[in-house]
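# Remarks on the overall topology
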Amino acid sequence: MLDRIDDAMNKATKPEEELSKRQFNDEQIKQGVRLLLEGIGEDPQREGLLETPDRIARMCREIFCGMSQDAAVPLAKTFTAENTDIVLEKDITFYSVCEHHLLPFYGKVHVAYLPDGKVVGLSKLARVVQVYARRPQMQERMTVQIADAVMEHLQPQGVMVMIEAEHLCMTMRGVRQPGSKTVTYAARGIWKDNTALQQQFFQLVEAK
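This report concerns the structure included in the present document. Keep in mind that this is a model prediction, so the values were computed, not measured.

Thresholds, definitions, all that
- Residues numbered from 1 in each chain as written.
- Predicted model: local features only at pLDDT ≥ 70, side-chain atom pairs only at ≥ 80, totals over all residues.
- Heavy atoms only, no water.
- Axes fitted to C-alpha atoms, helices over the stretch in contact; angles between N-to-C directions.
- Helix = DSSP H or I, 4+ residues; strand = E, 2+ residues; numbered from the N terminus.
- Parallel < 35°, antiparallel > 145°, perpendicular 65-115°, else oblique.
- Left-handed = near helix turned anticlockwise from the far one by under 90°.
- Contact = heavy atoms within 4.5 Å.
- 1 Å grid on protein atoms, 1.4 Å probe; cavity = no way out; pocket = protein on both sides within 12 Å on 5 of 7 lines; lining within 4 Å.
- Points joined across faces, edges and corners; volume = space filled by probe spheres on them.
- Nonpolar A, V, L, I, M, F, W, Y, C, P; charged D, E, K, R; others polar.
- Core = buried A, V, L, I, M, F, W, Y, C linked by side-chain atoms within 4.5 Å.
- Buried < 20%, exposed > 50% of the residue type's maximum accessible area, 1.4 Å probe, protein only.

### Focus on the packing of helix 5 (residues 122-133) against helix 6 (residues 139-154)
Contact geometry for helix 5 and helix 6: axes closest at 10 Å, N-to-C directions at 135 degrees. Taken together, the axis directions place helix 5 and helix 6 in an arrangement best described as oblique. The chirality of how helix 5 crosses helix 6 is right-handed. Counting all contacts with helix 5, which are made through Leu125, Val128, Val129, Tyr132 and Ala133, the residues of helix 6 involved are Met142, Gln145, Ile146, Ala149 and Val150.

### Let's talk about the layout of surface pockets
What the largest pocket holds in volume is close to 600 Å³. Met59, Cys60, Ile63, Phe64 and Val97 are the residues nearest the centre of the largest pocket, which is lined by 21 residues in total. Contributions of two or more residues to the lining of the largest pocket are made by helix 4 (52-63), strand 2 (87-98), strand 3 (104-114) and helix 5. Residue composition of the lining of the largest pocket, grouped by class: 14 nonpolar, 5 polar and 2 charged.

### A short note on the nonpolar core
Membership of the largest hydrophobic core comes to 32 residues, with the highest contact counts inside it found for Phe94, Val109, Val111, Tyr113, Met142 and Ile146. Among the elements of the structure, strand 2, strand 3, strand 4 (118-120), helix 5, helix 6 and strand 6 (158-167) are those that each provide at least two residues to this core. In terms of nonpolar packing, the next biggest core, distinct from the first, is built from 11 residues, Ile86, Ala112, Leu114 and Met162 among them.

### Considering the environment of Thr78
Along the chain, Thr78 turns up in strand 1 (residues 78-80). Spatially, the C-alpha atoms of Thr78 and Leu154 are 7.7 Å apart, while their sequence positions differ by 76 residues. Contact partners of Thr78, with chain neighbours within four places excluded, come to Lys118, Val119 and Leu154.

So this is what it looks like as structure tokens:
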């Protein structure tokens, strides 16, 4: 376990350029963008589009950087905490890309866990969300990945994760329902079959 965390931390400390060279192929991305533009009847050589392939390639390094990251890294450093009740980090803003249409979906993530003797810095929960959001995703999978990562690496008594998101693949195309939201949640450990604890989580999320 420690070896895997050390390896992940070493990978995370590599310069962004090294990760990009290993993970991304800028030329293939640029070629794909040019083909897409031609496919919709555009001219990739016209002034407004001439630099678009390069812009898209650089953008991909940013919005898909989670593919090169490991959630074990932000959860590696913990602190001893006795007699701690529920820890909740709510309204974590995220932006991701739907793997089905390559259109954005975005919203809020709420993460709660019941510590079993150790806690993690609150900013680290937001970093775990970013790791899984910054890759081609499904909201359902992302919800489970966040819950499982916190459960595995922090080893609390239980974890509850809820995501509320708007999907542009549903609001700007298809059924075209702007403002509609998809809500998913995952419960682990003590939260799995404890209805009262689940209701407490929902009340905390809704509290102002």
